[in-house]
Amino acid sequence: MIGKLYLIPTTLGETEPLEVMPLSVKKVVEQIDYYIVENEKSARRFIKKITPKKPQPNLTIKLLDKYAVEEETQTYLDVCAQGFNVGLLSEAGVPAIADPGASIVKLAHEKGIQVVPLVGPSSILMAMMSSGMNGQNFAFNGYLPIDKGERKRAIKDLERLSLDKNQAQIFIETPYRNEKMLADLKAILSPSTALCIAADITLPSEYIKTLSIKDWKHQQPDLHKKPAIFIIQK
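Residues numbered from 1 in each chain as written. Predicted model: local features only at pLDDT ≥ 70, side-chain atom pairs only at ≥ 80, totals over all residues. Heavy atoms only, no water.

How do you make sense of the overall build of the chain when you look at a structure like this?
Looking only at helices and strands, the chain features nine helices and 10 strands. Counting only C-alpha atoms, the chain reaches 60 × 35 × 30 Å along its principal axes. For the chain, buried positions account for 45% of its 234 residues. Put simply, of all contacts in the chain between residues at least 6 apart along the chain, 75% involve residues at least 24 apart. For the chain, the centre of its 30 positive side-chain charges and the centre of its 27 negative side-chain charges are spaced 4 Å apart. (Helix = DSSP H or I, 4+ residues; strand = E, 2+ residues; numbered from the N terminus. Buried < 20%, exposed > 50% of the residue type's maximum accessible area, 1.4 Å probe, protein only. Contact = heavy atoms within 4.5 Å. Lys, Arg positive; Asp, Glu negative; His and termini not counted. Charge placed at Lys NZ, Arg CZ, Asp CG, Glu CD.)

Here it is as structure tokens:
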């Protein structure tokens, strides 16, 4: 039997895991001792939280961060050939979506290893669900450019694309630059363009609101250092 690659969701913040994901996630974590993670400390904390009795010394954890060497990561699924299942954990939310885990999923397919996605919170989908925008046609664009001129062009391009394709455009920003992003959107977008801001999803401080840019100019939510999703549609 060849082992499987399980895509294991994690919480989006300091919430109890079983408040935002099904019991099936706990059952899988209980059974797996091999993990691929972005940050070992936070991964062990999550595993301990969802399965308190699981012996931590028994875990084998491989890192998939910005320092990971590709030649080494190519061996991360070798234990599947020995019949062991492997768990891929995101730092927050679901693996492989706005997350480096996509390279491991690609490797699994190349090696003929079954990929098993588990249900859990995805900030991108939850923001889209809550936005009131076109759930039949939307696109995720990751981070926008930092350079002021390039960012302005990117925002205008997304607004134009949204109108041409009737397509909601989703993007994110580093939390400490959220308020600058909002200021740029207010200054660059047309007054009638709709903007959804979804911050701290699933947390007690959750904030989700959709308004026109014209109306956002009279609103200033506290987004500093809060994980946030931005969605626009013209």
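Any chance you could explain empty space enclosed by the protein here in plain terms?
With a probe scaled to a water molecule rolled over the atoms, the places where space remains empty come into view. Evaluated as defined, the whole model comprises one cavity of 30 Å³ or more. By volume, the largest cavity amounts to about 30 Å³. Only β2 (34-37) and β4 (86-89) provide two or more residues apiece to the lining of the largest cavity. Across the lining of the largest cavity, the residue classes tally to six nonpolar, one polar and two charged. (1 Å grid on protein atoms, 1.4 Å probe; cavity = no way out; pocket = protein on both sides within 12 Å on 5 of 7 lines; lining within 4 Å. Points joined across faces, edges and corners; volume = space filled by probe spheres on them. Nonpolar A, V, L, I, M, F, W, Y, C, P; charged D, E, K, R; others polar.)

Is there a simple way to think about the layout of surface pockets in this case?
Computed from the structure, the largest pocket encloses a volume of approximately 660 Å³. Along its surface, the largest pocket is lined by 27 residues, and Ala92, Ala98, Ser123, Tyr143 and Pro227 are the ones closest to its centre. When the residues that make up the lining of the largest pocket are grouped by side-chain class, the tally is 17 nonpolar, five polar and five charged. Inspection of the lining of the largest pocket shows a minimum of three residues originating in each of domain 1 (4-117) and domain 2 (123-233). The volume enclosed by the second largest pocket comes to roughly 310 Å³. Lining the second largest pocket are 19 residues, with Thr11, Glu14, Ser42, Arg45 and Glu91 positioned closest to its centre. It is helix α3 (residues 40-50) that contributes the most residues to the lining of the second largest pocket, five residues altogether. Along the lines of polarity and charge, the residues of the lining of the second largest pocket split into seven nonpolar, seven polar and five charged. (Domains from an automatic or database assignment.)

How do you make sense of the pattern of salt bridges when you look at a structure like this?
Two side chains bearing opposite charge may form a pair once their charged atoms approach each other closely. Applying the stated rule across the entire model yields 12 salt bridges. Across the salt bridge formed by Asp78 and Lys111, the nearest N and O atoms sit 3.9 Å from each other. Of this pair, Asp78 sits in the loop between α4 (70-73) and β4 while Lys111 is found in the loop between α5 (102-110) and β5 (115-117), placing the two residues 33 residues apart along the sequence. In this structure, Arg151 and Asp184 form a salt bridge, with 3.5 Å as the shortest nitrogen-oxygen distance. With a gap of 33 residues between them, Arg151 in helix α7 (residues 148-165) and Asp184 in helix α8 (residues 178-188) connect regions that are remote in the sequence. The two residues Arg151 and Asp184 agree in class, both being buried. One continuous salt-bridge network, built from bridges that share partners, spans Arg151, Glu173, Arg177, Lys180 and Asp184. (Salt bridge = Lys/Arg side-chain N within 4 Å of Asp/Glu carboxyl O.)

Looking at this structure, how should I read the environment of Ile188?
Note that Ile188 resides in helix α8. The sequence separation of Ile188 and Lys152 amounts to 36 residues, and the corresponding C-alpha distance is 6.9 Å.

Would you explain α7 in this entry?
Every α-helix carries 3.6 residues per turn, so stepping three or four residues along brings you back to the same face. Across its 18 residues, α7 extends 26 Å between first and last C-alpha, which sits within 8% of the 26 Å expected from 1.5 Å per residue. Among the residues of α7, Arg151, Ala154, Ile155, Leu158, Glu159 and Ser162 are the ones counted as buried. Along α7, the residues classed as buried sweep out an arc of 130° about the axis, all on the same side. In α7, the exposed residues that point more than 90 degrees away from the buried face are Arg153 and Asp164. The inward-facing, buried residues of α7 contact β6 (138-143), β7 (168-172), α8 and β10 (228-233). For α7, the N-terminal capping position is held by Asp147, with its side-chain oxygen 3.2 Å away from the main-chain nitrogen of Gly149. Residue Asn166 follows α7 closely and has a positive phi angle near 50°. (Expected span 1.5 Å × (residues − 1). Arc of directions from axis to C-beta. Polar contact = N/O pair within 3.5 Å; in protein donor to acceptor, adjacent residues only side chain to side chain.)

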